[in-house]
Structure formats: structure tokens, C-alpha cells
Amino acid sequence: MKRTITTAIALAIVASLAFAGSALAGSKTIKQTGQIVGDNATFVKLRVKVSGGDPQKVSGFSAKNVVTRCDGKNGRVNKRFSYSALDPITVDSSNQFNAVLTDDSIGLKITLQGKVKRHGKAVAGTIKTNRFDLKNKVCKVPGQDFKTAK
């Protein structure tokens, strides 16, 4: 009798460990890099959390050297800036995401929207901003498309 109980407990432990391992295998984070379409001086990176083959969140979004148009006393000047999103962005059931990120110190609102493709292995989207004040200049990022891939 003692042997039967011990064997049943051992089988239950092995089964629960196997289930826990398979649950962990279904969730992963895919790191991606890319750029603003048509602008080789830019660099975009992000991570997509995938669970069971479906994208759940976009996190770690960072865009470097994005063209920003600024109007000042000396006319229009194109500058390059870098933007980062600290909070993860939820991906909806149609694999799309949309977020408005703010920096109240300069009145900046960054709009990120896009779609996760190929089960989290690629992302295509748009980055743009409202008008904001930066060093006595009024600046704005016009809508620019970006693409990333694993």
C-alpha cells in the first residue's frame, strides 16, 4: 500500500512539473530592430511579448535620430531627437497597438500606433508628435512610418 501511494504522488509531481514547463514555453519576448522607412540615419528597437503565438505587449520602444521640424527665429530647422516609451503598450486582439505618451515638462505628446505581424516577429507603425516647445523653438514630428523585424 505504501508503494502505491508513493508512486501516485511521484506521478502527480512529474505531471505538474511537465504542465508548468509547457506553460512557460508558450510565453516569450522577441527583440526587434529597424528604422524609420526611407531614413537610414534612424534606429528603432522594441520588444514584443508573445503568449501562445499571440502578441500581448510592445515594450522597450526606442526611436533614435528621428527627424523633428522646428520653427524658430531663424526659420525652419530639421533636428534629430530620440524618443523612448517606458511603459509597455497593450496589443489588442487584432494585433494592433495605439498609445499616446506625454512629457508634460515641454508639452510633448508622442503618438505611437502600429500592427504586430508574423506572430510577433515584425512590427510596422507610425510615430508622430504634437507641436511642443524646445529651447525657444516650436517643434513637431510629422507622421513617420517605421518597421522592425527579428
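A brief structural summary. Model, not experiment: these values are computed from the prediction. (Residues numbered from 1 in each chain as written. Predicted model: local features only at pLDDT ≥ 70, side-chain atom pairs only at ≥ 80, totals over all residues. Heavy atoms only, no water.)

Structurally, Gln 144 can be placed in strand S11 (residues 144–149). Of note is the side chain of Gln 144, whose polar atom sits 2.9 Å from the backbone oxygen of Val 67. Leave out the neighbours within four places in its chain, and Gln 144 touches Ile 36, Val 66, Val 67, Gly 125, Thr 126 and Ile 127. (Helix = DSSP H or I, 4+ residues; strand = E, 2+ residues; numbered from the N terminus. Polar contact = N/O pair within 3.5 Å; in protein donor to acceptor, adjacent residues only side chain to side chain. Contact = heavy atoms within 4.5 Å.)

Time to look at the state of the cysteines. Under the criterion given, the structure shown has 1 disulfide. Shown here is the disulfide that connects Cys 70 with Cys 139, its sulfur atoms set 2.0 Å apart. Taking the sign of the S-S torsion, 110° for the link of Cys 70 and Cys 139, the bridge is right-handed. On the criterion of sequence distance, the pair formed by Cys 70 in strand S3 (residues 54–72) and Cys 139 in strand S10 (residues 137–140) is long-range, its members being 69 residues apart. (Disulfide = S-S within 2.5 Å.)

So, on to unusual backbone geometry. For Arg 118, which is not a glycine, the phi torsion comes out positive at approximately 50°. By the element assignment, Arg 118 lies in the loop between strand S7 (108–117) and strand S8 (122–129). Unlike most non-glycine residues, His 119 shows phi in positive territory, near 55°. Exposure remark for His 119: the relative accessible area of 59% places this residue in the exposed category. (Buried < 20%, exposed > 50% of the residue type's maximum accessible area, 1.4 Å probe, protein only.)

The subject of this paragraph is the pairing of S8. For S8, the tally of buried residues reaches 7 of 8 residues, placing the bulk of the element in the interior. Two elements, S7 and S8, share 8 bridges in a ladder whose sense is antiparallel. For Gly 114, the partnering residue across the bridge sits in S8 and is Gly 125. Adjacent in sequence and paired antiparallel, S7 and S8 are bridged by 4 residues, among which Arg 118 carries a positive phi angle near 50°. (Pairing = 2+ DSSP bridges.)

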